[in-house]
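Structural description and commentary
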Amino acid sequence: MTDKPLIGITGASSGIGAATAEAFSKAGHPVLMMARRTERMKEMNLPNSVVASVDVRSREQIVEAVRAGEEAYGPVDMMFVNAGVARLADIGRQPPEEWDEMIDINTKGVMNTVHAVMKGMMERKRGTFFMMSSIAGRKIYPDHTVYCGTKYFVHAVSESLRDYLSDYNVRVIVLSPGVIETEVLSGVRDEGTLAAYKENKAKMGGGISADIVADLILNAYNYPQEAIVQEICITPTRQKF
C-alpha cells in the first residue's frame, strides 16, 4: 500500500499514457490504468495498480473503473485525460466514419472522463486534470482537419473548466505535445498523409521520448495545489512548426 493519492490515466496501454503510469508508480503513487488493451497494462506489472478495460466513449465504463480504483486506493487526485486517436487524412477523401471516431473519442470521451471525477474533486476542493491536447490544438496542419478540430475543442473546454474549477481549488493543465515517439501513426490509413508525416518527422531527427513528457507531467503535478502550470507545449528542438 501507499500513502500517496491515486492517479487515473486513460489511454494507459501505450505511449505517453503508459510512460506516465510508470513515472507516477515509480514516485510511489497507486495508478488506475484505463484502456481497451488490458493485456498491455497488465504486462507492465506496476505495483498498487488497478487495470480496467475502458472505452472512453462509454461513460458507464469510466465510472465503474473509477469506482474500483477508489475503493482500493481512495479518491482520484489527478486524472490524465489522455485517450485519443489520430485518423489523419486528406479531408476531401477521408471516410466520414473516421471523423466520427475522432469526435467521439477525442471530444465526448474527454467529457466522459472529466465527468467521472469532477464532482468528487469539487467536494474535496482538491484535484488536478491533465488534458491531452496537441500542438495541433494551437495551429492547423495539412491533413489534420478534424483532428485539429478535436484538439481545439480540448483547449476551449480546458480554458472554461480551469475558470470554473478554480473556485474549487481544482487545477486544469493542458498538455500540447508536438512529435513524440508513440503509436500515433498506427491510426493513419491515408498513405499520402502517412508518407508526408514520416518525411517531416525524419527531417527533425525523430520525436521526443514519451518518458520526457511523463516527467514533465509528474513535475507539474508536484507543485503545491495553489500553483498551476496552465499549459505545457513541448516539441523536438528541430520541429519548426
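First things first, this report covers the structure right here in the doc. (Residues numbered from 1 in each chain as written. Predicted model: local features only at pLDDT ≥ 70, side-chain atom pairs only at ≥ 80, totals over all residues. Heavy atoms only, no water.)

A closer look at the packing of aromatic side chains
Operational definition: Pairing of aromatic rings covers Phe, Tyr and Trp, the last through its six-membered ring, and needs centres within 6.5 Å; plane angles under 30 degrees mean stacked, over 60 mean edge-to-face, and all others mean tilted. For the purposes of this entry, the term helix denotes a DSSP run of H or I that reaches at least four residues, the term strand denotes a run of E that reaches at least two, and both are numbered from the N terminus. Burial classes follow relative accessibility: with a 1.4 Å probe on protein chains only, a residue under 20% of its type's maximum area counts as buried, one over 50% as exposed, and anything between as partly exposed.
Counting across every chain of the model gives 4 aromatic pairs. The interplanar angle of 65° and the centroid separation of 5.5 Å between the aromatic rings of Phe24 and Tyr221 together place this pair among those described as edge-to-face. Taken together, the positions of Phe24 in helix α1 (residues 15-26) and Tyr221 in helix α7 (residues 210-221) put the pair 197 residues apart, joining distant regions of the chain. Comparing Phe24 with Tyr221, the two get one shared label, buried.

Details of the nonpolar core
To keep things clear, this is the line we draw: Put simply, buried Ala, Val, Leu, Ile, Met, Phe, Trp, Tyr and Cys residues joined by side-chain atoms within 4.5 Å make one nonpolar core. We call two residues in contact when some of their heavy atoms are within 4.5 Å.
Judged by nonpolar contacts, the single largest core of 44 residues is most densely connected at Met79, Phe129 and Met131. Filtering out sequence-adjacent residues up to four positions away, Met131 remains in contact with Val81, Val110, Val114, Val154, Ser158, Leu161, Val172, Ile173, Val174 and Leu175. The next biggest cluster of nonpolar side chains, apart from the first, holds 32 residues, and it includes Phe80, Met132, Leu175 and Ala210.

Details of α7
Which entries qualify depends on this criterion: Given the number of residues in a helix, its expected span is that number minus one, multiplied by 1.5 Å. Within this analysis, the arc is defined by the directions that extend from the helix axis to the C-beta atoms. In protein, a polar contact means a hydrogen-donor-capable atom and an acceptor-capable atom, both N or O and within 3.5 Å, with residues adjacent in sequence counting only if both atoms are side-chain atoms; elsewhere, any N or O pair within 3.5 Å suffices.
A rise of 1.5 Å per residue sets the reference length of α7, with its 12 residues, at 16 Å; its end C-alpha atoms lie 17 Å apart and thus fit the reference within 8%. Considered for burial, the residues of α7 that qualify are Ala210, Val213, Ala214, Ile217, Leu218, Ala220 and Tyr221. Down the axis of α7, the sector holding all buried residues measures 165°, keeping them to one side. Residues of α7 that are buried in the fold lie against β1 (6-10), α1, β4 (76-81), β5 (127-132), β6 (170-177) and β7 (231-234). Of the residues that open α7, the one with a side-chain oxygen 3.1 Å from the backbone nitrogen of Asp211 is Ser209.

Description of helix α6 (residues 191-203)
Given a rise of 1.5 Å per residue, 13 residues ought to cover 18 Å, and the 19 Å separating the end C-alpha atoms of α6 matches this to within 8%. Among the residues making up α6, those that are buried are Thr193, Leu194, Tyr197 and Lys201. For α6, the buried positions fall inside an angular range of 100° around the axis, keeping them on one side. Projecting away from the buried face of α6 at angles above 90 degrees are the exposed residues Glu191, Ala202 and Lys203. Its side-chain oxygen placed 3.0 Å from the backbone nitrogen of Gly192, Asp190 serves as the N-cap of α6.

Overview of the pattern of salt bridges
Heads up, the condition is: For this document, the term salt bridge refers to a Lys or Arg side-chain nitrogen within 4 Å of an Asp or Glu carboxyl oxygen.
Taken as a whole and judged by the stated rule, the model has 17 salt bridges. When the shortest N-O distance is used, the salt bridge between Arg67 and Glu64 registers 2.4 Å. Taken together, the residues Arg67 and Glu64, both in helix α3 (residues 59-73) and 3 residues apart, mark about one turn of the helix. As a salt-bridge pair, Glu181 and Lys201 come within 3.1 Å of each other at their nearest N and O atoms. Within this pair, whereas Glu181 is found in the loop between β6 and α6, its partner Lys201 is found in helix α6, the two being separated by 20 residues in sequence. Under the relative-accessibility criterion, Glu181 is labelled partly exposed at 40%. Overall, the relative accessible area of 14% leaves Lys201 in the buried class. What emerges from the salt-bridge pattern is a single network uniting Arg36, Asp55 and Arg57.

Observations concerning the state of the cysteines
Going by this rule: Two cysteine sulfurs form what is called a disulfide whenever their separation falls within 2.5 Å.
According to the stated counting rule, one finds 0 disulfides in the structure shown. The closest cysteine sulfur to the non-disulfide-bonded Cys148 is located on Cys233, 13 Å from its own sulfur. Among the residues examined, Cys233 registers a relative accessible area of 39% and is labelled partly exposed.

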